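# Examining the three-dimensional arrangement
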Amino acid sequence: MLHITSKKSTLLLCFCAISVLFTPSIALSASETGSVAANQAADQKAALAKKAADRQAKKAAKVQVPAEKQKKNAEEQNTTTAPISTEEQKEK
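Now for a look at the structure at hand. All of these numbers come straight from a predicted model, not from anything done at the bench.

Quick look at the overall build of the protein chain now. Scanning the protein chain from terminus to terminus reveals two helices and zero strands. Across the 92 residues of the protein chain, 0% fall into the buried class. Of the accessible surface of the protein chain, which amounts to about 8,800 Å², a share of 64% is contributed by carbon and sulfur atoms.

Below, the structure is given as structure tokens:
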């Protein structure tokens, strides 16, 4: 009977010792996982900020393009509506 009890207690003692030895590595890998997740979250946040900046730049460009076209059209209308003299028409 003593022989069976010593095997059980030895097994229990070995299990406890092994679990204590591996506990720091488990805690360490958990903290590494946390830092990796934090880095991924920061990268994702930076990517979203970059996309938002690109969208705003595109919107600003779309607003700016029609304004430039209006200016160009106004300049063309000013130059084309100027009266051409009869002498200039004869030269052409």
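Now for a positive patch on the surface. Among the surface-exposed residues, Lys51, Arg55, Lys58, Lys59 and Lys62 lie close enough to one another that they form a single positively charged patch. Of note, Lys62 is situated in helix 1 (residues 2-80). For Lys62, a relative accessible area of 63% corresponds to the exposed category.

Cut-off values and rules
- Each chain carries its own residue numbering, running from 1 in the direction its sequence is written.
- Only residues with pLDDT of at least 70 are given local features in this predicted model, and only at 80 or more are side-chain atom pairs given and counted; all residues enter the totals for whole chains, interfaces and linings.
- Hydrogen atoms and water are omitted, and side-chain values are computed over all heavy atoms in the structure.
- Helix and strand definitions follow DSSP, with helices as H or I runs of at least four residues and strands as E runs of at least two, each counted in order from the N terminus.
- Only protein chains enter the accessibility calculation, which uses a 1.4 Å probe; a residue whose area is less than 20% of its type maximum is buried, one above 50% is exposed, and one in between is partly exposed.
- Computed with a 1.4 Å probe, the accessible areas rest on the Shrake-Rupley method; for each residue, only the protein chains presented here act as cover.
- For patch building, the residue pool is restricted to those with more than 30% relative accessible area and no salt bridge; the joining distance is 9 Å between like charges and 5 Å between nonpolar side chains (Val, Leu, Ile, Met, Phe, Trp, Tyr).
- Here, a salt bridge means any Lys or Arg side-chain nitrogen found within 4 Å of an Asp or Glu carboxyl oxygen.
- Positive charges are assigned to Lys and Arg, negative charges to Asp and Glu, while His and the chain termini are left out of the count.
- To locate a charge, take atom NZ for lysine, CZ for arginine, CG for aspartate or CD for glutamate.

By themselves, these are just geometric observations and shouldn't be taken as functional.
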